[in-house]
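So you can see what is in the structure, the chains are spelled out below.
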Amino acid sequence: MSAPMLSVENFGASYGAAQILYDLSLQVGRGEVVALMGRNGAGKTTTMKAIMGLMAQSTGKIRFDGHDISGKQPYEIARLGLGFTPEDRRIFSDLTVLENLDIGRQPPRKFSDGVPAPVWTEEKLLALFPNLGEMPNRPGGRMSGGEQQMLTVARTLMGNPLLMLLDEPSEGVAPLIVELMANTILELKKAGVSILLSEQNVHFAELVSDRAYVLEKGQIQWNGTMAELAENIDIQRAYLTV
Ligand code: ATP
């Protein structure tokens, strides 16, 4: 792998006196889809928040597209092109699909080596998410959970991110939407978007990811290719939801 897009090195993070992440290291290469896996409470969301600069108490180093982002403010990290789709879909319920998308709009970006990053427009996103394409003027509050999840992902893409942190996109949505979400992630990969995906479900991760890190009690317990994880029943039983 050439210099990784995202590199987390020996990272630790706490909420008050409670240490949540320990000596955590992971990497995401350009164009890779990497799954961060583990059961409820393993520390997946905390890892994503820490990468976005949302954990006040942290140690270790994080590099993103050649920049040291350790200790930087969330807005500075977002400005460098790191997109975050949180688990709790934060869409605006009074605004329409198109208005929600408009809120995420950022100019096109380049990687630090000058290569242009994928550029997204409303038109492209409404084609990528046909469900949204059918309801461009529907208020966010009148959409299903799965549709809201798609809108949250689409809004992050409006920022033309160099890399996306996607927190549990399959959580709590209907099976049909889970399938659509998996197809969408594969389309994003084809378009050259790098993704760190938080996920509990092995089957979903298997469909979309190149590699996986398995987390338990805030520590990486295993890492390898998705194909290796798919064959490793012991690791799946010990740490994951099969
Ligand atoms: P889930 O799938 O439930 O979101 P997760 O793997 O994302 O699980 P985290 O949400 O990162 O796990 O939680 C990791 C640990 O941090 C848990 O023990 C949780 O109770 C604790 N934790 C999370 N948020 C806070 C907080 N605001 N204050 C204190 N402890 C917290």
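Refer to the structure above for everything that follows.
Position labels on residues start from 1 in each chain and follow its written sequence. Residue-level local features of this predicted model are given only where pLDDT is at least 70; pairs of side-chain atoms are given and counted only at 80 or more, and the full residue set underlies all totals for whole chains, interfaces and linings. Excluded from the side-chain calculation are hydrogens and water; included are all heavy atoms of the structure.

Here we look at the site of the ligand
Then step 1. For the ligand, the set of nearby residues contains 13 residues, the closest of which are Gly41, Gly43, Thr45, Thr46 and Glu168.
Then step 2. Between the ligand and Thr46 there is a distance of 2.5 Å, counted from an oxygen atom to a side-chain nitrogen or oxygen.
Then step 3. Accessible surface is estimated by sampling points in the Shrake-Rupley manner with a 1.4 Å probe; for residues, cover comes only from the protein chains shown. Contact with the protein chains removes 59% of the 630 Å² of surface that the ligand exposes when unbound.
Then step 4. Going along the chain from the N terminus, every DSSP run of H or I of four or more residues is numbered as a helix, and every run of E of two or more is numbered as a strand. With 3 residues, helix H1 (residues 44–51) is the single largest residue contributor to the shell around the ligand. The criterion for a residue being near a molecule or strand is simple. One of its heavy atoms has to lie within 4 Å of it. N or O atoms closer than or at 3.5 Å make up a polar contact, with two conditions inside protein: a donor-capable atom paired with an acceptor-capable one, and, for residues adjacent in sequence, both atoms drawn from side chains.

Some words on helix H6 (residues 145–157)
Then step 1. The end-to-end C-alpha distance of H6, which contains 13 residues, comes to 19 Å, matching closely the 18 Å that a straight helix rising 1.5 Å per residue would cover.
Then step 2. Relative accessible area decides the class of each residue, using a 1.4 Å probe on protein chains only: under 20% of the type maximum gives buried, over 50% gives exposed, and in between gives partly exposed. Of all 13 residues in H6, 12 are buried, a share of seventy percent or more.
Then step 3. Where H6 is concerned, the buried positions are Gly146, Glu147, Gln148, Gln149, Met150, Leu151, Thr152, Val153, Ala154, Arg155, Thr156 and Leu157.
Then step 4. Should any heavy atoms of two residues lie within 4.5 Å, those residues are considered in contact. The secondary structure elements touched by the buried residues of H6 are strand E6 (82–85), helix H3 (97–103), helix H4 (122–128), helix H5 (130–133), strand E7 (163–167) and helix H7 (175–190). In this scheme, a helix's expected span is set at 1.5 Å multiplied by one less than its residue total.

Considerations on H7
Along an α-helix, a turn takes 3.6 residues, which lines up residues three or four apart on a common side.
Then step 1. Helix length check: H7 (16 residues) gives 23 Å between terminal C-alpha atoms against 22 Å at 1.5 Å per residue, within 8%.
Then step 2. Residues of H7 that are buried: Ile177, Met181, Ala182, Thr184, Ile185 and Leu188. Buried residues in H7, looked at end-on, bunch into an arc of 165 degrees, giving them a common side. For H7, exposure combined with an orientation more than 90 degrees from the buried face picks out Pro175, Leu176, Glu179 and Lys190. It is the directions from the helix axis to the C-beta atoms that the arc portrays.

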